[in-house]
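Residue-level structural notes
Residues per chain, in single letters:
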Amino acid sequence: MNSLICLIAVAIILFHKARIAQLDNSPSTFTASTFDIGSDGGFVLDFKANGHLKAEKRDHWSVKYYWGEYAVKNDTFDLNIPLDFKLSKRAFLMHDSLFFEGDTVKFSVYRH
């Protein structure tokens, strides 16, 4: 019985890892980055063409990844991504910058 539980747990972990890899390897629409978040490496949002959103926060000796999704209407992005710091869930794309509602942090946008 214990080996069956272990086998199921390993299968779930492998499925989750394969799913994240598939989403991470999907084509990017654009990335947005800022050095105002994170102690020295910044924060990068990678907007995938399939609505998947990957975020990366770089601190001095660590990198933390976040996964979620987004919806877009015109130049407004509604983000659904759990973060461990405060950032609005609504962003606005203006030319080569991404701004968050009620925040002064500006993200530089790089189109792919």
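Above this text you will find the structure in question.
Worth saying up front: this structure is predicted, and the values here are computed from it rather than measured.

Observations concerning the sheet that holds strand β2 (residues 42-48)
- Strand order in the closed barrel formed by eight strands is β1-β2-β3-β4-β5-β6-β7-β8, and the pairing between neighbours is antiparallel. For this sheet, the mean angle separating the axes of adjacent strands, direction not counted, is 30 degrees.
- Bridge count between strand β3 (residues 52-59) and strand β4 (residues 62-73): eight bridges; the pairing is antiparallel. The partner of H52 across the bridge, within β4, is E69.

Thoughts on the nonpolar core
- If you look at the biggest cluster of nonpolar residues, it comprises 21 residues, and the most contacted ones within it are L45, F47, F77, L98 and F107.
- The element contributing the most residues to this core is β2, with three residues.
- Apart from residues no more than four positions distant in its own chain, F107 is found in contact with A32, S33, T34, I37, F43, L45, D96, S97, L98 and F100.

Considering the pattern of salt bridges
- Here the structure, examined in full by the defined rule, presents five salt bridges.
- Here D46 ties to K48 by a salt bridge, and the two come within 3.1 Å at their closest N and O atoms. An identical accessibility class is assigned to D46 and K48; each is buried.
- D84 is the salt-bridge partner of K57, the closest N and O atoms lying 3.8 Å from each other. Highlighted residues: K57 in strand β3 and D84 in the loop between β5 (76-80) and β6 (90-94), separated in sequence by 27 residues.
- Judged by relative accessible area, K57 falls into the buried class, the value being 14%.
- Look at D84 and you get partly exposed, because its relative accessible area is 45%.
- If you follow the salt bridges from partner to partner, you end up with K57, K64 and D84 in one network.

Digging into the environment of N50
- Structurally, the position occupied by N50 is in the loop between β2 and β3.
- On the basis of relative accessible area, N50 is assigned to the partly exposed category, the value being 44%.
- Not counting the four nearest positions on each side in its chain, N50 is found in contact with L23 and S26.
- Reaching out from N50, the side chain makes a polar contact with the side chain of S26 at a distance of 3.4 Å.
- In terms of polar contacts, N50 uses its side chain to reach the backbone amide nitrogen of H52, at 3.1 Å.

What counts, and at which threshold
- Residues numbered from 1 in each chain as written.
- Predicted model: local features only at pLDDT ≥ 70, side-chain atom pairs only at ≥ 80, totals over all residues.
- Heavy atoms only, no water.
- Pairing = 2+ DSSP bridges.
- Helix = DSSP H or I, 4+ residues; strand = E, 2+ residues; numbered from the N terminus.
- Axes fitted to C-alpha atoms, helices over the stretch in contact; angles between N-to-C directions.
- Core = buried A, V, L, I, M, F, W, Y, C linked by side-chain atoms within 4.5 Å.
- Buried < 20%, exposed > 50% of the residue type's maximum accessible area, 1.4 Å probe, protein only.
- Contact = heavy atoms within 4.5 Å.
- Salt bridge = Lys/Arg side-chain N within 4 Å of Asp/Glu carboxyl O.
- Polar contact = N/O pair within 3.5 Å; in protein donor to acceptor, adjacent residues only side chain to side chain.

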